[in-house]
Amino acid sequence: MTKLPVRMARWSAGHPWRAIAGWFLFVALCLGAGIGVGTNAATADDFRVGEAGRGEALATEGGLQQKPMERVLITAKPGARQLDPGAADAAAREVVDRMRALPEVLSVAAPVRSADGTAVRVDVTMKGAELEGKEHVDPLLAQTAKVRAGHPGLLIAETGGPSISKDVQGQRGEDLSRTELIALPITLITLLIVFRSAAMATVPLLLALSSIAASVGLSMLVSHVFPDAGVGTNVILLIGLAVGVDYALFYLKREREERARSAGRLDSRALVELAAATSGHAVVVSGLAVAASSATLFLADDVIFSSIATGAIVVSLVAVLGSLTVLPALLVKLGARAERRAARRAERASRRGEVAAAKPARTTGAGRITSAMLRVTSRRPGATLAVAVLAMLAMTAPLADIKLTDIGRETYSRDLPAMETWHRQNQAFPELKSMHQVVVRAEAGRADEVAGALRELEQRAQADPSLSRVTELRTSPDRRITMLELRVPHFVSAAIAQDSLDRVRDEYVPATVGRLSGVDVAVTGDVARYADYPEHQKGKLPLIVVTLLLVTFVITVFAFRSVVLGLVGVLLNLLSAGAALGLLVPTFQGTWAEGLLDFDSTGSIGSRVPLFLFVILFGLSMDYQVFVISRIREAALRGVSTRQAVLDGIGSSAGVVTSAAFVMVTVFAGFIGLHLIEMKQFGFSLAVAVLLDAFVIRIMILPATMLLLGEKTWWPSIGTRRTREQAPAADARTTEKVG
């Protein structure tokens, strides 16, 4: 790996314009090919998990699957004493007539009046698959608007899965655009502070943004193998900006160091090759670590995590490719420009009979705060390690009380028109909040027997106070599939709804259709999907975490030839992930931060958050791990003691690590401002984890651990030990001085 970055950098440095043109041609081809082929979106079949998924498959087999449905709600306007029945009926008839004329509509049900007489609704079933409804809902919304305009005395609005999905998708797009508008300027300002050069500051952003563009195109192509669940682009933006800036920072930092060290004796091409031989190697290892860590998400057997894995793998590898090709070329061109400026300054000084003063080299080493922390760590490594680890474990402690659930629709923002109508609809028609579906497959000749057993189940459910008396029994045209729908007047997240699911599955089904031999029974529906998805994730979590730990260990051992460092890396990543999740629990399961972070607590954590955090954080942490330990190992291979190598390596890399961490935290923290609570939890946990990783793990715990281990750190690396034995005694002397 050390040779590959050097060869690629040497070619790019020797042919900078070709490398730059080739990179942007690559980006254009990837994006063009992706747009040309299009995205293969995941279907309802791809989302099925657990018993709920099995029930959906049975229902689909009989043509009884859920269809995209919209509901038009007619109520009195705010301030009116009551709903005018005649006006409401006239508006409802117009809705029925208009909707039936639309080609997107499969059927329109007769108007239904609420029990208290305050509302009338019209149910409109659309053609096509449930997930495709949002793409074709605009004509329905347009007809509702026309009815509303014709009846100004009534409040007429539309809601349903398609219109809610459309509104949520639009809100998420606006949120992400706003986040990018904030993150990009802050990232640029950070880079300007680090490099004091507008040209140098734009290079990392250029690499990140071009890598994101190429990755979006490639992910569209890959979606034809791993269907896109709609989150791939978000992940590419999230990870791409972070790793793209990180990799460029590592490379630029090393090139500047080598330029300062050479004092003008080496040209830009030679400096780029030196940077490629060191930081280029770290970038390759880091990129492979992010990709390998992300690949473990495929073990979740879940289309959402497959989309996350695909996006993270593609963008990390593309960012590595850009770092090894276009980045050296850009550095050579910028370096040549700097050299020409220096030559002109020297020439002007010579004409004046003066000697041009060399510009002081600016470095990004440890600042005063970091140096102070390192001094404490170097003098009291044992105490530092004990205090820091205990603090991290204290942050991890709340993790014992974590409650994982899926995120119900009721958590979506009420600012969305469709959601505001949805809540009013559920108030007038509480039986629409959620449902259970008992699906039975049997031979066609037993359809009446199955229907009788389901009728018996229905009678039992009628006496259950947690269930509505609204039921529906349907049989497929071939009479092989029969489904009983039980309405639940409670949101899926409510404990009473979850309890009712347990009774249906554990009591009502076994006592009725469960007694029939040779039939296949499954309970699905809104509540079942909400309950089964977290259980599916909990079952996959141990396998993925164990695989992730193994992958991290193997990559670290392979990169640094040290089993000890492999074990240390695994433990440190566990500490930062555990602490971030631990802080997430009181923040989002509790209510104290609701006003501060603008959310309504669900009393739980999204079931996808822990898995996402573990995998993405392990990959991103390897960026810092590889970069920092690479600097330490370089010093050790020069023959200095492990103690001095640790202090030199941490001190020289601290500035770029903290700068990279600040960029990452800015990107991730931007997600806290999104409306979707799960995205808030993603952003909060990642931002906290990166902060802890950069400022506690890398500046306190890692150096303290390595100082205490001493030469054992490199076990069983033969190369490091031989270098140490051959080094002059003078090079092995240590010092307490840091910074």
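One can find the structure itself at the top, above this paragraph.
What you see is a predicted model, and the numbers here were worked out from it, not measured in a lab.

The rules behind these values
The residue numbering used here restarts from 1 in each chain and proceeds along that chain's sequence as written. Totals for whole chains, interfaces and linings use all residues, but because this is a predicted model, local features are given only for residues with pLDDT of at least 70 and pairs of side-chain atoms are given and counted only at 80 or more. Hydrogens and water are ignored here; the side-chain numbers use all heavy atoms of the structure. Only runs of H or I of at least four residues qualify as helices and only runs of E of at least two qualify as strands under DSSP, and these elements are numbered from the N terminus. A simple rule labels every residue: compare its accessible area, found with a 1.4 Å probe on the protein chains alone, to the largest value its type can have, and call it buried under 20%, exposed over 50%, or partly exposed in between. Only heavy atoms matter for contacts: two residues are in contact if any of them lie within 4.5 Å across the pair. Accessible areas in this description were obtained via Shrake-Rupley with a 1.4 Å probe; residue shielding takes into account the shown protein chains only. Charge convention: Lys and Arg are scored as positive, Asp and Glu as negative, and His as well as the terminal groups of each chain are ignored. Charged side chains are reduced to one point each, which is NZ for Lys, CZ for Arg, CG for Asp and CD for Glu. A fitted line through C-alpha atoms serves as each axis, taken over the contacting stretch for helices, and the angle formed by two N-to-C directions is quoted from 0 to 180°. Relative orientations are named as follows: roughly parallel for angles under 35 degrees, roughly antiparallel for angles over 145 degrees, roughly perpendicular for angles from 65 to 115 degrees, and oblique for any other angle. For any pair of crossing helices, the crossing counts as left-handed if the nearer helix is rotated counterclockwise from the farther one by less than a right angle, and right-handed if it is rotated clockwise. In this count, Pro and Cys sit with the nonpolar residues alongside Ala, Val, Leu, Ile, Met, Phe, Trp and Tyr, while Asp, Glu, Lys and Arg are called charged and the others, Gly among them, polar. By the criterion applied in these results, polar contacts are pairs of N or O atoms within 3.5 Å in which, for protein atoms, one can donate a hydrogen and the other can accept it, and in which residues neighboring in sequence qualify only through two side-chain atoms. The aromatic pairing rule takes the rings of Phe, Tyr and Trp, using the six-membered ring of Trp, and pairs them if the centres are within 6.5 Å, calling planes under 30 degrees apart stacked, those over 60 edge-to-face and the rest tilted. Lysine and arginine charges are scored as sitting over a ring when NZ or CZ, respectively, is within 6 Å of the ring centre and within 35 degrees of the ring normal. Two kinds of site are reported from a 1 Å grid over the protein atoms alone, namely cavities, where a 1.4 Å probe fits but cannot get out, and pockets, open sets with protein on both sides within 12 Å along at least five of seven lines, and residues are called lining when an atom falls within 4 Å of a point. Grid points are joined across faces, edges and corners, and a volume is the space filled by probe spheres set on the points. Each patch is built from salt-bridge-free residues with over 30% relative accessible area, joining like charges within 9 Å and nonpolar side chains (Val, Leu, Ile, Met, Phe, Trp, Tyr) within 5 Å. Counted as salt bridges are all cases of a side-chain nitrogen of Lys or Arg within 4 Å of a carboxyl oxygen of Asp or Glu. DSSP calls a pair of strands paired once it identifies at least 2 bridges connecting them. The term nonpolar core refers to a set of buried residues drawn from Ala, Val, Leu, Ile, Met, Phe, Trp, Tyr and Cys, joined through side-chain atoms within 4.5 Å.

### Re the overall build of the protein
Now for step 1: Of regular secondary structure, the protein possesses 23 helices and eleven strands.
Now for step 2: C-alpha atoms of the protein, sized along the principal axes, occupy 100 × 55 × 50 Å.
Now for step 3: A total of 739 residues make up the protein; the buried ones form 54% of that total.
Now for step 4: Within the protein, contacts between residues separated by at least 24 positions form 81% of all contacts whose residues are at least 6 apart in sequence.
Now for step 5: Carbon and sulfur atoms make up 59% of the accessible area of the protein, which totals about 30700 Å².
Now for step 6: Side-chain charges of the protein comprise 79 positive and 69 negative groups, with the mean position of each set lying 13 Å from the other.

### So, the packing of helix 12 (residues 368-379) against helix 21 (residues 642-669)
Now for step 1: Across the interface, helix 12 lies against helix 21 with an axial gap of 11 Å and an inter-helix angle of 165°. For the element pair helix 12 / helix 21, the angle class is roughly antiparallel. For helix 12 against helix 21, the interelement crossing comes out right-handed. Contact residues: helix 12 offers Thr370, Leu374 and Ser378, while helix 21 offers Arg643, Leu647, Ile650, Gly651 and Ala654.
Now for step 2: Split into classes, the residues belonging to the contact of helix 12 with helix 21 amount to four nonpolar, three polar and one charged.

### Comments concerning the side chain of threonine 666
Now for step 1: Of note, threonine 666 is situated in helix 21.
Now for step 2: The exposure class assigned to threonine 666 is buried, which follows from its relative accessible area of 13%.
Now for step 3: A polar contact of 2.8 Å, which involves the side chain of threonine 666, links it to the backbone oxygen of phenylalanine 662.
Now for step 4: Once you skip the residues sitting within four places of it in the chain, threonine 666 turns out to touch Ala183 and Ile186.

### Describing the packing of aromatic side chains
Now for step 1: Evaluation of the coordinates by the stated rule reveals eight aromatic pairs.
Now for step 2: Look at phenylalanine 612 and phenylalanine 682: their rings are 4.4 Å apart centre to centre, the planes differ by 45°, and that puts the pair in the tilted class. One end of the pair, phenylalanine 612, is in helix 20 (residues 609-637); the other, phenylalanine 682, is in helix 22 (residues 677-709), and 70 residues separate them in sequence. With respect to class, phenylalanine 612 is no different from phenylalanine 682; both count as buried.
Now for step 3: Ring pairing ties together the aromatic residues Phe588, Phe599 and Phe684, which thus form one cluster.
Now for step 4: Lying over the aromatic face of phenylalanine 429, arginine 121 brings its terminal NZ or CZ to 4.8 Å of the ring centre.
Now for step 5: The cationic tip of arginine 561 hangs over the ring face of phenylalanine 558; the distance from NZ or CZ to the ring centre is 5.2 Å.

### Re empty space enclosed by the protein
Now for step 1: Counting across every chain of the model gives two cavities of 30 Å³ or more.
Now for step 2: In this structure, the largest cavity spans a volume of roughly 50 Å³.
Now for step 3: Leu404, Gln537, Lys538, Leu541, Ser607, Pro610 and Leu611 together form the lining of the largest cavity.
Now for step 4: Broken down by secondary-structure element, the contributors of at least two residues to the lining of the largest cavity are helix 17 (526-560) and helix 20.

### Some points on a negative patch on the surface
Now for step 1: Taken together, the side chains of Asp499, Asp502, Asp506 and Glu507 define an acidic patch exposed on the protein surface.
Now for step 2: Its place among the elements puts glutamate 507 in helix 16 (residues 495-511).
Now for step 3: A relative accessible area of 44% places glutamate 507 in the partly exposed class.

### Quick notes on the pattern of salt bridges
Now for step 1: Tallied over the entire structure, the rule returns 32 salt bridges.
Now for step 2: A salt bridge links arginine 54 to aspartate 520; the nearest nitrogen and oxygen atoms lie 2.9 Å apart. Of this pair, arginine 54 sits in helix 3 (residues 50-61) while aspartate 520 sits in strand 10 (residues 520-524), placing them 466 residues apart in sequence.
Now for step 3: A relative accessible area of 36% places arginine 54 in the partly exposed class.
Now for step 4: Between arginine 460 and glutamate 456 there is a salt bridge, and its shortest N-O distance comes to 3.8 Å. On the criterion of helical spacing, the pair formed by arginine 460 and glutamate 456 is a turn pair, its members being four residues apart in helix 15 (residues 447-462).
Now for step 5: Taking the relative accessible area as the measure of exposure, glutamate 456 reaches 30% and is therefore partly exposed.
Now for step 6: Members of the salt-bridge network, linked through shared partners, are Arg54, Glu61, Arg441, Asp478, Arg480 and Asp520.

### Here we look at the sheet that holds strand 8 (residues 471-475)
Now for step 1: Strand order in this open sheet of four strands is 8-9-7-10, and the pairing throughout is antiparallel. Each edge of the sheet is formed by a strand with only one pairing partner; in this case those strands are strand 8 and strand 10. Ignoring which end each strand starts from, the neighbouring axes of this sheet average 15° apart.
Now for step 2: Its contacts with the sheet put helix 16 on strand 7 (434-441), strand 9 (481-488) and strand 10, and the angle it makes with strand 7 is roughly 20°.

### Describing unusual backbone geometry
Now for step 1: The linkage connecting tryptophan 715 with the following residue, proline 716, adopts the cis geometry, with an omega of 0°.
Now for step 2: Counting through the fold element by element, proline 716 comes out in the loop between helix 22 and helix 23 (718-726).
Now for step 3: Here the phi dihedral of arginine 479 falls at roughly 65°; this positive angle occurs in a residue that is not glycine.
Now for step 4: Within the fold, arginine 479 resides in the loop between strand 8 and strand 9.
Now for step 5: Within the chain, aspartate 598 stands out as a residue other than glycine whose phi angle is a positive 60°.
Now for step 6: A relative accessible area of 59% means that aspartate 598 is categorised as exposed.

### Some thoughts on the nonpolar core
Now for step 1: By size, the foremost hydrophobic cluster in this structure holds 158 residues, and its most contacted members are Ile308 and Phe668.
Now for step 2: Top element by residues in this core is helix 20. It accounts for 19 residues.
Now for step 3: Ignoring any residue separated from it by four or fewer positions in sequence, one finds phenylalanine 668 in contact with Leu238, Ala242, Leu620, Gly683, Leu686, Ala687 and Val690.
Now for step 4: In this structure, Leu484, Leu486, Val509 and Tyr530 belong to the second largest nonpolar core, which totals 28 residues.

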